[in-house]
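Survey of secondary and tertiary structure
Below, each chain spelled out in residue letters.
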Amino acid sequence: MKDIYILGIESSCDETSCAIVKNGVSDISTIISSQIDIHKNYGGVVPEIASRHHVRNITIVIEECLGKANMTMEEIDAIAITYGPGLIGSLLVGLEAAKTLSFIYNKPLIPVHHIAGHIYANSLEKKMEFPLLALVVSGGHTELILMKDHYKFEKLGGTLDDAVGECYDKVARVIGLEYPGGPKIDQLACGGTPSYQLPVPLRDDSYNFSFSGLKSAVINLNHNLEQRKESINRENLAASFQKVAVESLILKTRKALIENNIRNLIVAGGVAASTGLREKIKDLQEELSLNVTIPSMKYCTDNATMIAAAGYYAYRLGRIADLSLNSKSNDKLN
Ligand code: KG4
Ligand code: ZN
């Protein structure tokens, strides 16, 4: 069978990225231009600034990606683009670049939902086996998705308020850590003990999550300690927070796996990079004899490689858009 090369473009938040993936599994070339150093001065992503930087970087990133692969656009079979969800101004920059390339080089345009991208980052590790349960943990999403086949997404549950990554970032800000706080909390937690009492959220019978109560508990604890002029042990607080957040994710994941009789588990999204979560997933794997896939660190946070991988399976299913495709800041996983 002829090899299929998909060029993916991702610009939904603060990373401008382009990648070429062969047959949905081999990373031929990936370029990621991150804006973290710019946004950390503001404590989070500033949408207007993000869009402007995408405009400045997008053509450079695409050219670099093709150069690194030693390929021309003529050798590309199709272009996969994150159409949403995300910051609308940022999404539009990637979308317009993808549409322009599609028009000029007469290549099919494949719309990819950002979360489908995170899920398909796992196909860069090993073949996805169905039925599978995807634990999606990013800055904007916390969901349990059941997949019986490629692009058959069935949402079992999700967060009722904050996403888990958002909660990591907010807790980090409260204790004076720079954006993005998730990796810093994770790092601090490694050197701490979970000595602070925090509530494990939503121990109910659903597959849902809730993180705003945990966030408030950390804010209140920090505030009370400050008022009493007691110093906070940041390592121990990070360890206490991470323990409870991960416990909550594992609780509902275990329940969903058992009740739906699923043996294949994949983890997706930026928080999949958390060493605390990865350890507990390993324990769950042993406990339930699971077939687990977690993306390599470099494919956990936003990148175009996962978009190109997701794009390959979409292409094979004929999920092709025309040039009227528009960006969506919010859209159901499909
Ligand atoms: O998937 P992602 O790059 O962007 C979204 O689609 O939202 O996820 C970003 C989130 C941020 O909240 C970030 O703090 C978190 O992933 N994150 C981590 C780690 N690395 C990134 N959270 C915990 N531990 C990490 N090592
Ligand atoms: Zn993401």
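Residues numbered from 1 in each chain as written. Chains lettered and ligands numbered in written order. Predicted model: local features only at pLDDT ≥ 70, side-chain atom pairs only at ≥ 80, totals over all residues. Heavy atoms only, no water.

Quick notes on the overall build of the chain
The test is simple: Elements are defined by DSSP. Helices are runs of H or I of four residues or more, strands are runs of E of two residues or more, and each kind is numbered from the N terminus. Residue exposure ignores everything except the shown protein chains as possible cover, and the areas themselves are Shrake-Rupley values with a 1.4 Å probe. By the counting rule applied here, Lys and Arg register as positive and Asp and Glu as negative, while His and the ends of each chain are not counted. Just so you know, the charge point we use is NZ for Lys, CZ for Arg, CG for Asp and CD for Glu.
Helix and strand content of the chain: 11 helices and 10 strands. Principal-axis analysis of the C-alpha atoms places the extent of the chain at approximately 65 × 45 × 30 Å. By element, 49% of the accessible surface of the chain is carried by carbon and sulfur atoms, the whole surface being about 14,500 Å². Looking at the chain, you have 34 positive and 38 negative side-chain charges, and the mean spots of the two groups are 3 Å apart.

As for the sheet that holds strand 4 (residues 78-84)
This is how it is decided: Here the rule is simple: two strands pair whenever DSSP picks up at least two bridges between them. Interaxial angle, 0 to 180 degrees, is taken between N-to-C directions of lines fitted to C-alpha atoms, where a helix line uses only the stretch in contact.
The 5 strands lie next to each other as 3-2-1-4-5, forming an open sheet whose pairing is mixed. Two strands in the sheet have a free side with no partner beyond their single neighbour: strand 3 (26-34) and strand 5 (109-113). Each neighbouring strand pair of the sheet contributes to a mean axis angle of 20°, computed without reference to strand direction. By the bridge criterion, 4 bridges tie strand 1 (residues 5-10) to strand 4 in an arrangement that is parallel.

Digging into the coordination of the zinc ion (ligand 2)
We apply this condition: Distances define the donors: N, O and S atoms within 2.8 Å of the metal qualify, as do those within 3.2 Å of Na, K or Ca. Water is excluded, so some sites may look unfinished. Note on classification: 1.4 Å probe, protein chains only; a residue is buried when its accessible area is under 20% of the maximum for its type, exposed when over 50%, partly exposed between these limits.
In the first shell of the zinc ion (ligand 2), the protein supplies His114 (NE2), His118 (NE2) and Asp302 (OD), at 2.0 to 2.1 Å from the metal. Counting gaps between the donor residues of the zinc ion (ligand 2) yields the pattern H-x3-H-x183-D. In this pair, His114 sits in helix 4 (residues 114-120) while Asp302 sits in the loop between helix 10 (297-300) and helix 11 (305-316), placing the two residues 188 residues apart along the sequence. Accessibility classification places His114 together with Asp302 in one group, the buried group.

Quick word on the site of ligand 1
This is how the line gets drawn: When we say a residue is near a molecule or strand, we mean one of its heavy atoms is within 4 Å of it. Any N or O atom pair separated by 3.5 Å or less is treated as a polar contact, with the protein-specific requirement of one donor-capable and one acceptor-capable atom, and with residues adjacent in sequence counted only for side-chain atom pairs. Using a 1 Å grid laid over the protein atoms alone, points where a 1.4 Å probe fits but cannot get out form a cavity; open sets with protein on both sides within 12 Å along at least 5 of 7 lines form a pocket; any residue with an atom within 4 Å of a point counts as lining. If over half the atoms of a molecule are within 2 Å of the grid points of a cavity or pocket, the molecule is regarded as sitting in it. Under this grouping Gly is polar, as are all residues other than the nonpolar Ala, Val, Leu, Ile, Met, Phe, Trp, Tyr, Cys and Pro and the charged Asp, Glu, Lys and Arg.
Near ligand 1, the surroundings consist of 18 residues, among which His114, His118, Gly139, Asp169 and Gly270 are the closest. Ala273 is positioned such that a nitrogen or oxygen atom in its backbone is 3.5 Å from a nitrogen atom of ligand 1. A majority-of-atoms criterion places ligand 1 in the largest pocket. Of all elements in the fold, only helix 4, helix 5 (164-174) and helix 6 (181-190) reach the threshold of two or more residues within the shell around ligand 1. Residue composition of the shell around ligand 1, grouped by class: 4 nonpolar, 11 polar and 3 charged.

Overview of helix 3 (residues 88-105)
Put simply, the rule is: Expected span, for any helix, means 1.5 Å times one less than how many residues it has.
With 18 residues, helix 3 should cover 26 Å at 1.5 Å per step; its first-to-last C-alpha distance of 26 Å lies within 8% of that length. For helix 3, every residue scored as buried is listed here: Ser90, Leu91, Val93, Gly94, Leu95, Ala97, Ala98, Lys99, Leu101 and Ser102. Remark: Asn106 follows helix 3 within two positions and exhibits a positive phi of approximately 55°.

Points about the side chain of Ser11
For clarity, the threshold we go by: Residues are treated as being in contact if the distance between any of their heavy atoms lies within 4.5 Å.
Tracing the backbone through its elements, the reader meets Ser11 in the loop between strand 1 and strand 2 (15-22). Here the side chain of Ser11 touches Ser90 through a polar contact of 2.7 Å, landing on its backbone oxygen. Apart from residues lying up to four places away in sequence, Ser11 is in contact with His54, Ser90, Leu91, Val93 and Gly94.

A few points about the layout of surface pockets
What counts, and what does not: Grid points are joined across faces, edges and corners, and a volume is the space filled by probe spheres set on the points.
Of the voids in this model, the largest pocket is the one considered here, and its volume is about 1,200 Å³. Taken together, 45 residues form the lining of the largest pocket, with Cys13, Gly139, Gly140, Asp169 and Tyr179 sitting closest to its centre. For the lining of the largest pocket, the secondary-structure elements that each account for two or more residues are helix 4, helix 5 and helix 6. Element by element, the count of residues in the lining of the largest pocket is highest for helix 5, at 7 residues. For the lining of the largest pocket, the residue count by class is 16 nonpolar, 18 polar and 11 charged. Reported here for the second largest pocket is a volume of approximately 290 Å³. Along its surface, the second largest pocket is lined by 15 residues, and Ala239, Gln242, Lys243, Gly276 and Glu279 are the ones closest to its centre. Sorting the residues of the lining of the second largest pocket by element identifies helix 6, helix 8 (234-259) and helix 9 (275-288) as the ones contributing at least two each. The element best represented in the lining of the second largest pocket is helix 8, accounting for 6 residues. Counted by class, the lining of the second largest pocket contains 6 nonpolar, 4 polar and 5 charged residues.

Focus: the nonpolar core
What counts, and what does not: Working definition of a nonpolar core: buried Ala, Val, Leu, Ile, Met, Phe, Trp, Tyr and Cys residues. They are joined through side-chain atoms within 4.5 Å.
Judged by nonpolar contacts, the single largest core of 50 residues is most densely connected at Ile185, Phe241, Leu277 and Ile281. Tallying contributions element by element places helix 8 first for this core, with 11 residues. Dropping the residues within four chain positions of it, Leu277 is found in contact with Val137, Val246, Leu249, Ile250, Val267, Val271 and Ala272. One finds Ile110, Ala121, Met147 and Tyr151 within the second-largest nonpolar core, a separate group that totals 33 residues.

Notes on the sheet that holds strand 8 (residues 153-158)
Taken in spatial order, the 5 strands line up as 8-7-6-9-10 in an open sheet, and their pairing is mixed. The two strands at the open ends of the sheet, each matched to only one other strand, are strand 8 and strand 10 (291-293). Across the sheet, the mean angle separating the axes of adjacent strands is 20° when strand polarity is ignored. Note that strand 7 (residues 142-147) and strand 8 share 5 bridges and pair antiparallel. Along strand 8, the bridge assignment pairs Leu146 with Glu154. Against the sheet, helix 8 engages strand 6 (132-137), strand 7, strand 8 and strand 9 (264-268), with an angle of about 165° to strand 6. Here helix 9 sits on the sheet in contact with strand 6, strand 9 and strand 10, set at roughly 175° to strand 9.

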